[in-house]
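Below are the chains, spelled out letter by letter.
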Amino acid sequence: VQLQRLGGAVQVGGFLRLSCAASGSISEIKLMAWYRQLPLKQRELVAGIRNSSEARYADAVKGRFTATRDNSGNMLYLQMDSLKPEDTGVYYCNAHIRPVGAHLWENHWGQGTLVTVSS
């Protein structure tokens, strides 16, 4: 199972859209989420979506970020608006996946993508 993403750089007040695709022999995906690691800080949850549920957000991004999944459930997006310098960090895609033929759930991480917000 692979998680892929696209990131980038943007100016303060700008917007950026991250994408994450879960690919491979996947039977079911229970949860997909975005985490981030800001400079000198621990990794933190940004937004998460369980199947058929609304997204939940960290207080720091409420009203500015929107997480969505496509109908297949294998794609996760993060629309980031009104970006601030303090949003600069590495963003990770996370998914709880049950591979085809497996009984147990697995926790998968993307490699991370750097988001830079400059003034």
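We now turn to the structure provided with this report. (Residues numbered from 1 in each chain as written. Predicted model: local features only at pLDDT ≥ 70, side-chain atom pairs only at ≥ 80, totals over all residues. Heavy atoms only, no water.)

Within the chain, the regular secondary structure consists of zero helices and eleven strands. Listed N to C, the secondary structure of the chain is β-β-β-β-β-β-β-β-β-β-β in terms of helices and strands. On C-alpha atoms alone, the chain measures out to a radius of gyration of 14 Å, which is about the 14 Å that the 2.2 N^0.38 rule sets for 119 residues. Oriented by its inertia axes, the alpha-carbon framework of the chain measures out at about 50 × 25 × 20 Å. Within the chain, the proportion of its 119 residues that are buried is 41%. Of the contacts made within the chain by residues no fewer than 6 positions apart, 55% connect residues no fewer than 24 positions apart. For the chain, the exposed surface amounts to about 6800 Å²; the carbon and sulfur share of it is 48%. Between the averaged position of the 13 positive side-chain charges in the chain and that of its 9 negative side-chain charges there is a distance of 3 Å. (Helix = DSSP H or I, 4+ residues; strand = E, 2+ residues; numbered from the N terminus. Rg over C-alpha atoms; globule rule 2.2 N^0.38 Å. Buried < 20%, exposed > 50% of the residue type's maximum accessible area, 1.4 Å probe, protein only. Contact = heavy atoms within 4.5 Å. Areas by Shrake-Rupley, 256 points an atom, 1.4 Å probe, with all protein chains shown as cover. Lys, Arg positive; Asp, Glu negative; His and termini not counted. Charge placed at Lys NZ, Arg CZ, Asp CG, Glu CD.)

Most of strand E8 (residues 75-80) is tucked away: six of the six residues are buried. Here E8 shows a buried face lined by Met-75, Tyr-77 and Gln-79 and a second buried face lined by Leu-76, Leu-78 and Met-80. With six bridges joining them, strand E3 (residues 16-23) and E8 adopt antiparallel strand pairing. Bridge pairing in E8 links Leu-18 to Leu-78. The pairing of strand E7 (residues 65-69) with E8 spans five bridges and is antiparallel. Bridge assignment links Arg-69 to a residue of E8, and that residue is Leu-76. Taking the residues that link successive antiparallel strands as the turn, the E7-E8 hairpin has five residues, and the phi of Gly-73 there is positive, at about 85°. (Pairing = 2+ DSSP bridges.)

Locating Asn-94 in the fold gives a position in strand E9 (residues 89-99). A distance of 2.8 Å separates polar atoms of two side chains, one belonging to Asn-94 and the other to Asn-107. A distance of 3.2 Å separates the side chain of Asn-94 from the backbone oxygen of His-108, its partner in a polar contact. (Polar contact = N/O pair within 3.5 Å; in protein donor to acceptor, adjacent residues only side chain to side chain.)

Another point: the packing of aromatic side chains. A complete count under the given rule lists two aromatic pairs for this structure. With 4.9 Å between their ring centres and 65° between their planes, Tyr-35 and Trp-109 make a pair best called edge-to-face. Of this pair, Tyr-35 sits in strand E4 (residues 26-37) while Trp-109 sits in strand E10 (residues 106-109), and the two are 74 residues apart along the sequence. On the basis of relative accessible area, Tyr-35 is assigned to the partly exposed category, the value being 22%. The partly exposed category is assigned to Trp-109, whose relative accessible area is 36%. Centroid distance Tyr-92 to Trp-109: 6.4 Å. Interplanar angle 85°. Geometry classified as edge-to-face. (Phe/Tyr/Trp six-rings, centres within 6.5 Å; stacked < 30°, edge-to-face > 60°.)

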